[in-house]
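Commentary on secondary and tertiary structure
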Amino acid sequence: GQQLNQSPQSMFIQEGEDVSMNCTSSSIFNTWLWYKQDPGEGPVLLIALYKAGELTSNGRLTAQFGITRKDSFLNISASIPSDVGIYFCAGYFNAGNMLTFGGGTRLMVKP
Amino acid sequence: GAVVSQHPSWVICKSGTSVKIECRSLDFQATTMFWYRQFPKQSLMLMATSNEGSKATYEQGVEKDKFLINHASLTLSTLTVTSAHPEDSSFYICSARDLILYGYTFGSGTRLTVV
């Protein structure tokens, strides 16, 4: 099925560094979601974005809904070892649609 | 917040047997639940959309006779892998859509190993 273009595919960073990842779509979405998946677990919602241009924070995480409605980014500030995992973007055009997922960004943090 | 319970978290079965995975929305009603399959280091792949009281809608390439889905109530959907083979070994994840907030909440996943 359709996937969002998510980059980078993986990142290996030093503890304390900031991280940025983004997703782009060829079509418009009205909702963007960012999930984190730990090994052997299901995805857990981090941030939901419902309005173009919206900038939302959740602790050290900040995400923005692109003004064109075709992209979104997620920033993690001052990374810590427990940030390790796979981050997925997802989106849909309206509430009746299925979620479309990005390919994921695998984050590794070196203490 | 919305909670989705998925059981079992892992299961090992012999080839040829069937395995049932349950997905329950604990504190909300979900007319629609989704079943995904995830291979190592890959994203979630939608297998089917499960609607309460009606037949599931399967994605292209997913065998409906092999992956039986039942959504008998607003809080429970089940996925049965019939006549399992080693190539069915994978991580299966369910998701439920909240009717009011239209949020998507995921279960914790089921690791299926067919030997």
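Above this text sits the structure in question.
Below is a short write-up of the structure. Here the residue numbers are simple positions, counted from 1 along each chain's written sequence. The naming scheme follows written order: chains are lettered A onward, ligands numbered 1 onward. Only residues with pLDDT of 70 or above have their local features reported here, since the model is predicted, and side-chain atom pairs are shown and tallied only from 80 upward, although totals for entire chains, interfaces and linings are computed over all residues. Derived side-chain values reflect all non-hydrogen atoms in the structure, with water molecules and hydrogen atoms excluded from consideration.

Observations concerning the side chain of S25(A)
Selection rule: Going along the chain from the N terminus, every DSSP run of H or I of four or more residues is numbered as a helix, and every run of E of two or more is numbered as a strand. Definition of a polar contact: a pair of N or O atoms within 3.5 Å, with one able to donate and the other able to accept a hydrogen when the atoms are protein atoms, and with sequence-neighbouring residues admitted only if both atoms are side-chain atoms.
With respect to the helices and strands, the residue S25(A) is situated in the loop between β3 (19-24) and β4 (31-37). Only 2.8 Å separates the side chain of S25(A) from the backbone oxygen of S27(A), close enough to count as a polar contact.

Points about the sheet that holds strand β8 (residues 76-81) of chain B
Residue and element names in this part refer to chain B. We count it as follows: Strands pair, by our definition, only if DSSP identifies at least two bridges between them. Orientation is described by axes fitted as lines to C-alpha atoms, over the contacting stretch for helices, and by angles from 0 to 180 degrees between their N-to-C directions.
Ordered by their spatial adjacency, four strands build an open sheet running β1-β3-β8-β7, and the pairing between neighbours is antiparallel. One side of each edge strand has no neighbouring strand; the edge strands of this open sheet are β1 (4-7) and β7 (67-73). This sheet shows a mean twist of 15° between the axes of neighbouring strands, independent of strand direction. Strand direction decides the pairing type here: β7 and β8, joined by five bridges, are antiparallel. The residue bridging N70 from the neighbouring strand is T78, located in β8.

A short note on the nonpolar core
Filter applied, for reference: In this text, buried Ala, Val, Leu, Ile, Met, Phe, Trp, Tyr and Cys residues form a nonpolar core when linked through side-chain atoms within 4.5 Å. A 1.4 Å probe rolled over the protein chains alone gives each residue an accessible area, and that area as a share of the maximum for its type sets the label: buried under 20%, exposed over 50%, partly exposed in between. Residue contacts follow a heavy-atom distance rule, with two residues in contact if any of their heavy atoms lie within 4.5 Å.
Ranked by internal contacts, the top residues of the largest apolar core, which has 24 residues, are W35(B), F67(B), L79(B), Y92(B) and L112(B). Those elements giving two or more residues to this core turn out to be β2 (10-13), β3 (19-25), β4 (32-38), β5 (44-51), β7, β8, β9 (90-97) and β11 (110-114) of chain B. Contacts of L79(B), omitting those with residues within four sequence positions, involve V19(B), K20(B), I21(B), W35(B), F67(B), L68(B), I69(B) and Y92(B). The next biggest cluster of nonpolar side chains, apart from the first, holds 21 residues, and it includes V19(A), C23(A), W32(A) and C89(A).

Side note on the state of the cysteines
Operational definition: By definition, disulfides here are pairs of cysteine sulfur atoms that lie within 2.5 Å.
Applying the stated criterion across every chain, the model contains two disulfides over all chains. Put simply, C23(A) and C89(A) are joined by a disulfide, and their sulfur atoms are 1.6 Å apart. Across the S-S bond of C23(A) and C89(A) the torsion is about -75°, and the bridge reads as left-handed. Remark: C89(A) occurs in strand β9 (residues 85-92) and C23(A) occurs in strand β3; sequence separation between them is 66 residues. As far as burial versus exposure is concerned, C23(A) and C89(A) are alike and both buried. Paired by a disulfide, C23(B) and C94(B) hold their sulfur atoms 2.0 Å apart. Here C23(B) and C94(B) share a disulfide; its torsion about the S-S bond, 80°, makes the bridge right-handed. On the criterion of sequence distance, the pair formed by C23(B) in strand β3 and C94(B) in strand β9 is long-range, its members being 71 residues apart. There is no split in this pair, since C23(B) and C94(B) are both buried.

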